[in-house]
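Per-entry structural report
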Amino acid sequence: MEQRRELKSGEIDLIEYLAKKAEYPLNKFWHCYYKASPMNDGGMGSILLIPDGHSCKERMFKAQISECTLKDTDGTDIIISLNIDQDDYLFELDIWKCDFTPVISKIEDWIF
């Protein structure tokens, strides 16, 4: 069974930054209609974004719409991608640390 939770403030800020960069329209209260489900990514922090009324099983990746690169506190690059599903809903916030180790810094501390 998938675990769902509210989006954290740092996740909301990061998604809004990436969406704006991609010119992907978000309404003011978009985050009220999505839940986050942590992904099994070895502690990097990726999340599935689940719109109200949807399940993870019925959705499929369509495209990456935006990306940015940050540095973790140990100097390792972190690549962050915002992806959409087949219906153009937000699908996932994919966080990948280039050396495959867990992310050390907190998302709230990232400057983008």
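Please read these numbers as outputs of a predicted model, since none were measured by experiment.

Strand-to-strand pairing in sheets goes through backbone hydrogen bonds, with the strands running parallel or antiparallel. Pairing is antiparallel across the open sheet formed by five strands, whose spatial order is β1-β2-β5-β4-β3. The outermost strands of the open sheet, each flanked by one partner alone, are β1 (34-38) and β3 (61-71). Put simply, the sheet's adjacent strands are angled 20° from each other on average, direction ignored. Looking at chain direction, β3 and strand β4 (residues 77-85) are connected through nine bridges and run antiparallel. Looking across to β4, one finds that Gln 64 is bridged to Asn 83. Those strands touched by helix α1 (residues 9-22) are β2 (47-51), β3, β4 and β5 (90-97), and its axis lies near 110° from that of β3.

One finds Leu 7, Ile 80, Leu 93 and Trp 110 to be the most contacted residues of the largest nonpolar core, which totals 25 residues. Residues within four places of Trp 110 in sequence aside, it is in contact with Leu 14, Leu 70, Ile 78, Ile 80, Ile 95, Val 103 and Ser 105.

Next up on the list: the environment of Ile 107. Mapped onto the secondary structure, Ile 107 falls in the segment after β5. Residue class for Ile 107 comes out buried when judged on its relative accessible area of 14%. Leaving out residues up to four positions away in the same chain, Ile 107 has contacts with Gly 10, Glu 11 and Leu 14.

The next point concerns the packing of aromatic side chains. Enumeration according to the criterion identifies two aromatic pairs in this entry. For the ring pair Trp 30 and Tyr 34, a centre distance of 5.9 Å and an interplane angle of 65° mean the geometry is edge-to-face. Ring centres of Trp 96 and Phe 100 lie 5.4 Å apart, and the angle between their planes is 70°; this geometry places the pair in the edge-to-face category. By relative accessible area, which is 32% here, Trp 96 ends up partly exposed.

Parameters at a glance
Residues numbered from 1 in each chain as written. Predicted model: local features only at pLDDT ≥ 70, side-chain atom pairs only at ≥ 80, totals over all residues. Heavy atoms only, no water. Pairing = 2+ DSSP bridges. Helix = DSSP H or I, 4+ residues; strand = E, 2+ residues; numbered from the N terminus. Axes fitted to C-alpha atoms, helices over the stretch in contact; angles between N-to-C directions. Contact = heavy atoms within 4.5 Å. Core = buried A, V, L, I, M, F, W, Y, C linked by side-chain atoms within 4.5 Å. Buried < 20%, exposed > 50% of the residue type's maximum accessible area, 1.4 Å probe, protein only. Phe/Tyr/Trp six-rings, centres within 6.5 Å; stacked < 30°, edge-to-face > 60°.

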